[in-house]
Amino acid sequence: MTGFTISALLMLGAISAVASKSDSGMTLRKAASKHKIFVGTAVEPRFFEEPEYRQILGDEFSVIEPENGMKFASIHPRPDTGPNPYDFVGPDALVAFAKSHKIKVRGHTLVWHSQQPRWVTNGSLTPVELSSILRKHIQTVVGRYRKSIYAWDVVNEAFNDNGSLRSTVWFDHPGIGFEHQGTAYIEQAFRWAREADPRAKLFYNDYSAETIDPKSDAIFAMAQDFKKRHVPLDGIGLQMHCDLSFSRPEVLRSFEANMQRIADLGLDIHITELDIRLHDDTSASLSAQAELYSKIIQICRRQPRCTLIQFWGFTDKHTWIPGFYRGQGWPLLWDSQYVKKPAYESVLSNLK
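What counts and how
- Residues numbered from 1 in each chain as written.
- Predicted model: local features only at pLDDT ≥ 70, side-chain atom pairs only at ≥ 80, totals over all residues.
- Heavy atoms only, no water.
- Disulfide = S-S within 2.5 Å.
- Buried < 20%, exposed > 50% of the residue type's maximum accessible area, 1.4 Å probe, protein only.
- 1 Å grid on protein atoms, 1.4 Å probe; cavity = no way out; pocket = protein on both sides within 12 Å on 5 of 7 lines; lining within 4 Å.
- Points joined across faces, edges and corners; volume = space filled by probe spheres on them.
- Helix = DSSP H or I, 4+ residues; strand = E, 2+ residues; numbered from the N terminus.
- Nonpolar A, V, L, I, M, F, W, Y, C, P; charged D, E, K, R; others polar.
- Salt bridge = Lys/Arg side-chain N within 4 Å of Asp/Glu carboxyl O.
- Contact = heavy atoms within 4.5 Å.
- Phe/Tyr/Trp six-rings, centres within 6.5 Å; stacked < 30°, edge-to-face > 60°.
- Lys NZ or Arg CZ within 6 Å of the ring centre and 35° of its normal.
- pLDDT = per-residue confidence, 0-100.
- Expected span 1.5 Å × (residues − 1).
- Core = buried A, V, L, I, M, F, W, Y, C linked by side-chain atoms within 4.5 Å.

### Concerning the state of the cysteines
Okay, step 1: Inspection of every chain in the model, using the stated rule, returns one disulfide.
Okay, step 2: What pairs with C300 in a disulfide is C306, and their sulfur atoms sit 2.1 Å apart. Between C300 and C306, the S-S torsion sits near -100°, and that sign places the bridge as left-handed.
Okay, step 3: Overall, the relative accessible area of 2% leaves C306 in the buried class.
Okay, step 4: With no disulfide of its own, C242 lies 13 Å from the sulfur of C306, the closest cysteine sulfur.
Okay, step 5: Classification of C242 as buried rests on a relative accessible area of 3%.

In structure tokens:
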């Protein structure tokens, strides 16, 4: 992150903390607390400069999570053998903002196939070296935020849509403790994370695994195995990057059934990256979006193990959707001018 210092961002956070107390109306944060549910959002500290961004973030949410700042390439851009291997500026600013607003922080993510630094993926490292690097990375990052982060996405998106394990630098080049035996590297990452912070909640997180299908079946089988062998898995994160097709009754029933079987294992469920993309922002589309948000909130409320509803951002001004889904957008609760959309009112109503 450029253009910021921790002290400057702390000052911004303090100013926003004072401003946020002036609004005594109902917020998402207050409404969700009545049901013992946290409501969260992914954030980018560089947007703290925008007064509207800070104000909404401080008022409305009880959990924040870094969108990119704690991914391997961002937080650990240089080799351990050189100077300053880690970059904690952005994550530290996020944690400071959270503390000043009494917001919990969720860590994202320790192990992922994407956003890896070139020094890890260039092919020059042996399996033993890779294993040592990953262990040190987990211990360093989790250890630094041991008293500040209440839950971690330990491993992210390790499965393909057909239920097979994804080819990654960690899976393809097993080292000590990995042994190239299916989910062994995932298990080892969870054990290292638990060693680094015995109190944090540890989650496996994935996309397109909300309903019962080959991918969610594979994740569920892994969770069953981990529970039997006392691997420190506390919950499953369901990303939930949706479009309006998710509103079909059979899809919603499958979503609810999948949540129930996860809960039956004694695991928590976090909705971690919720957004609902549209092809246009007509009143009909915005109304349909609001209705789908309503149904998702209702399903979470019916499931006691669903303890977090987190959006992947909160304003259409800063969303990844148009860059990834051409011709689509408008996925969040506030529009690009920070005006509340029908989706916001729907979510608030269902939380109340």
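Text resumes after the structure shown.
### Section: the layout of surface pockets
Okay, step 1: By volume, the largest pocket is sized at about 650 Å³.
Okay, step 2: If you go around the largest pocket, you meet 27 residues; those closest to its centre are Y207, Q239, H241, W320 and Y325.
Okay, step 3: Secondary structure elements with two or more residues in the lining of the largest pocket: β3 (104–112) and β7 (241–242).
Okay, step 4: Looking at side-chain class alone, the lining of the largest pocket contains nine nonpolar, nine polar and nine charged residues.

### Let's talk about the pattern of salt bridges
Okay, step 1: Throughout the structure, instances matching the rule amount to 19 salt bridges.
Okay, step 2: When the shortest N-O distance is used, the salt bridge between E50 and K317 registers 3.2 Å. Here the residue E50 occupies a position in the loop between β1 (38–43) and α3 (51–60), and K317 occupies one in the loop between β9 (306–311) and α13 (321–324), the gap between them amounting to 267 residues.
Okay, step 3: Among the residues examined, E50 registers a relative accessible area of 17% and is labelled buried.
Okay, step 4: A salt bridge links D206 to K215; the shortest N-O distance between them is 3.2 Å.
Okay, step 5: For K215, a relative accessible area of 0% corresponds to the buried category.

### Topic: the environment of L125
Okay, step 1: In this structure, L125 sits in the loop between α6 (118–121) and α7 (127–144).
Okay, step 2: Note on L125: relative accessible area 22%, which makes it partly exposed.
Okay, step 3: Considered as a pair, L125 and H173 are 48 residues apart in the sequence and their alpha carbons are 9.3 Å apart.
Okay, step 4: Beyond its immediate chain neighbours, meaning those up to four positions away, L125 contacts W119, V120, L130 and I133.

### A word on the packing of aromatic side chains
Okay, step 1: Inspection of the entire model under this criterion finds 21 aromatic pairs.
Okay, step 2: Residues F48 and F97 carry aromatic rings whose centres are separated by 4.7 Å and whose planes lie at 25° to one another, so their mutual orientation is stacked. With F48 in the loop between β1 and α3 and F97 in helix α5 (residues 89–100), this pair connects stretches of sequence that are 49 residues apart.
Okay, step 3: With a relative accessible area of 1%, F97 lands in the buried category.
Okay, step 4: Note on F190 and F226: the rings are 6.3 Å apart at their centroids and 65° apart in plane angle, and the pair reads as edge-to-face. Within this pair, whereas F190 is found in helix α9 (residues 184–196), its partner F226 is found in helix α10 (residues 214–228), the two being separated by 36 residues in sequence. With respect to class, F190 is no different from F226; both count as buried.
Okay, step 5: The cationic tip of K215 hangs over the ring face of Y207; the distance from NZ or CZ to the ring centre is 3.6 Å.

### Looking at the confidence of the model for the protein chain
Okay, step 1: Of all residues in the protein chain, 91% attain a pLDDT of 70 or more, and the chain-wide mean is 92.
Okay, step 2: Here residues 1–24 scores under 50 on pLDDT; set against residues more than four positions off or in separate chains, the count is 39 contacts.

### As for helix α12 (residues 283–302)
Okay, step 1: For α12, which comprises 20 residues, the first-to-last C-alpha distance of 29 Å matches the rise-based estimate of 28 Å (1.5 Å per residue) to within 8%.
Okay, step 2: What α12 keeps buried is the set S285, L286, Q289, A290, L292, Y293, S294, I296, I297, I299 and C300.
Okay, step 3: If you follow the buried residues of α12, they end up packed against α11 (249–264), β8 (268–276), β9 and α14 (342–351).

### Let's talk about the side chain of Q239
Okay, step 1: With respect to the helices and strands, the residue Q239 is situated in the loop between β6 (235–238) and β7.
Okay, step 2: On the accessibility criterion, Q239 (1% relative accessible area) is buried.
Okay, step 3: With near-sequence residues (within four places) excluded, Q239 lies in contact with N156, E157, N205, D206, Y207, E210, T272, E273 and L274.

### As for the nonpolar core
Okay, step 1: With 100 residues, the main nonpolar core has L28, W152, F190 and Y204 as its most contacted residues.
Okay, step 2: Element by element, the count of residues in this core is highest for α9, at seven residues.
Okay, step 3: For W152, the residues in contact, after removing those within four places along its chain, are M70, G107, H108, L110, V141, V142, Y145, A200, K201, L202 and F203.

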